[in-house]
Amino acid sequence: MKTSNVPESVKRVVHIGSRSVGWMTSGARMLPSFLICGGQRCGTTSLYRALAAHPAVLKAVLHKGVHYFDTSYHRGRAWYQGHFPLRRTAARIERELGVPPQTFESSPYYLYHPHAGARIARDLPDVKLIVLVRDPVERAYSQHAHEVARGFETVTDFAQALDLEPARLRGQRERLLADQHAYSFSHQHHGYRSRGEYAVYLRRLAGQVGRDRILVVESERFFADPRPAYDEVLAFLGLPQLSYPEFEQHNARPRSAPMPARLRAELTAHYAPHDAELATWLGRTPSWRA
């Protein structure tokens, strides 16, 4: 069913109905063998679509981000499993290709949410995780534009939003940690500076799932020369190289004006120690520091 010209109200009804069917048949469905878990505004949609084009990869039903391990964990495992393809579909594809299919989803908040890593480790003990990282200064600027465009940010001046971030986030991580069912709008949408501190979250995630199950991909490298980066991802996942998809950049939001030089310098200095630790994950200095 093509949905490009379908009203949003009809789409919601279709999605609700499909999720209900998925929940009722959850026991016959796959669970993901890998997740794209961040970072936000780092090219996750582009990598998701490239991987979804692989013949042996089956994406989540209806949408790329299920957001189970961050904001929907209370819905339970059956609800989550209901989002994925049927095992009989996988069996048919395996007969055709001679390769066991894999399924996945992409929820960029997983990297940042304080409970997501532990939940993933507990519920998907063999899953592999892919994390994309981008120049954190540009990432922060891009996130702000994204949140403004979606109506989740009313402060349209980036510098002012950065100034408000400490007050907005004060105590929010602690509140989330103290209550498994708590939700923080500001934690999800207003962490412009904090979300670029990639090494902090990678270190925590490695302690929960194991470093050998995490692949870090530099977004700049993926967009500049996608084939080697794509090959690296396939090797990490144990998938054969059958053909290359069309590599496209999705969800880019150009800014109407460049970032003020003073602000750029301030953010660049802030991220220096984080980028230095990130180099140990990439095996080289990040391109934005080279």
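If you look the chain up in an unreviewed UniProt entry, it shows as Sulfotransferase domain-containing protein from Catellatospora chokoriensis.

Undergrad: Lay out the pattern of salt bridges in plain terms, naming residues and giving numbers.
TA: A side chain with one charge may pair with a side chain of the opposite charge, provided their charged atoms come close. A full pass over the atoms with the stated rule returns 11 salt bridges. Note that arginine 193 is salt-bridged to glutamate 266, the shortest N-O span being 3.5 Å. Of this pair, arginine 193 sits in the loop between α9 (185-189) and α10 (198-209) while glutamate 266 sits in helix α13 (residues 261-282), and the two are 73 residues apart along the sequence. Arginine 284 is paired through a salt bridge with glutamate 218; the nearest N and O atoms lie 3.4 Å apart. In this pair, arginine 284 is assigned in the segment after α13 and glutamate 218 in strand β5 (residues 214-218), connecting sequence segments 66 residues apart. We classify glutamate 218 as buried; its relative accessible area is 2%.

Undergrad: Tell me about helix α6 (residues 136-149), residues and numbers included.
TA: Compared with the 20 Å implied by 1.5 Å per residue over 14 residues, the 20 Å span of α6 between its first and last C-alpha is a close match. The element α6 is largely enclosed, with a buried count of 11 among its 14 residues. Here the buried face of α6 lies against α7 (158-169), α9, α10 and α13. Here α6 starts with a cap whose side-chain oxygen sits 3.0 Å from the backbone nitrogen of valine 137, and that cap is aspartate 135. A positive phi of about 80 degrees marks glycine 151, the residue just after α6.

Undergrad: Break down unusual backbone geometry for me, citing the residues and quoting the values.
TA: In the segment running from glycine 38 into glycine 39, the intervening peptide bond is cis, with an omega of -10 degrees. The topology assignment puts glycine 39 in the loop between β1 (34-36) and α2 (44-52). The phi angle at histidine 67 is positive, at roughly 55 degrees, despite the residue not being glycine. Here histidine 67 shows up in the loop between β2 (57-59) and α3 (77-81).

Undergrad: Give a detailed account of the packing of α6 against α13, specifying residues and quantitative values.
TA: Axis separation between α6 and α13 bottoms out at 9 Å; the angle between their running directions is 120 degrees. Comparing the axis directions of α6 and α13 gives the class oblique. Contacts from Pro136, Val137, Glu138 and Ala140 in α6 reach Arg264, Leu267, Thr268, Tyr271 and Asp275 in α13. For the contact of α6 with α13, the class distribution of residues is 5 nonpolar, 1 polar and 3 charged.

Undergrad: Provide a residue-level description of the nonpolar core, including the pertinent values.
TA: Judged by nonpolar contacts, the single largest core of 59 residues is most densely connected at Leu51, Phe69, Tyr80, Ile130 and Ile214. Excluding residues within four positions of it along the chain, phenylalanine 69 makes contact with Leu35, Tyr80, Tyr110, His113, His115, Ala116, Arg119, Ile120, Asp123 and Leu124. Ranked by size, the runner-up nonpolar core spans 12 residues in total, among them Ala140, Ala161, Leu162 and Met259.

Undergrad: Go over the sheet that holds β1 with me, naming the residues and quoting the values.
TA: If you walk across this open sheet you meet the 5 strands as β2-β3-β1-β4-β5, and the pairing is parallel. Either end of the sheet is taken by a strand with one partner, and the two such strands are β2 and β5. Across the sheet, the axes of successive neighbouring strands diverge by a mean angle of 25 degrees, strand direction being ignored. Sheet analysis places β1 next to strand β3 (residues 102-106), joined by 3 bridges and oriented parallel. Paired with leucine 35 across the bridge in β3 is glutamate 105.

Calculation rules
- Residues numbered from 1 in each chain as written.
- Predicted model: local features only at pLDDT ≥ 70, side-chain atom pairs only at ≥ 80, totals over all residues.
- Heavy atoms only, no water.
- Salt bridge = Lys/Arg side-chain N within 4 Å of Asp/Glu carboxyl O.
- Helix = DSSP H or I, 4+ residues; strand = E, 2+ residues; numbered from the N terminus.
- Buried < 20%, exposed > 50% of the residue type's maximum accessible area, 1.4 Å probe, protein only.
- Expected span 1.5 Å × (residues − 1).
- Contact = heavy atoms within 4.5 Å.
- Polar contact = N/O pair within 3.5 Å; in protein donor to acceptor, adjacent residues only side chain to side chain.
- Axes fitted to C-alpha atoms, helices over the stretch in contact; angles between N-to-C directions.
- Parallel < 35°, antiparallel > 145°, perpendicular 65-115°, else oblique.
- Nonpolar A, V, L, I, M, F, W, Y, C, P; charged D, E, K, R; others polar.
- Core = buried A, V, L, I, M, F, W, Y, C linked by side-chain atoms within 4.5 Å.
- Pairing = 2+ DSSP bridges.

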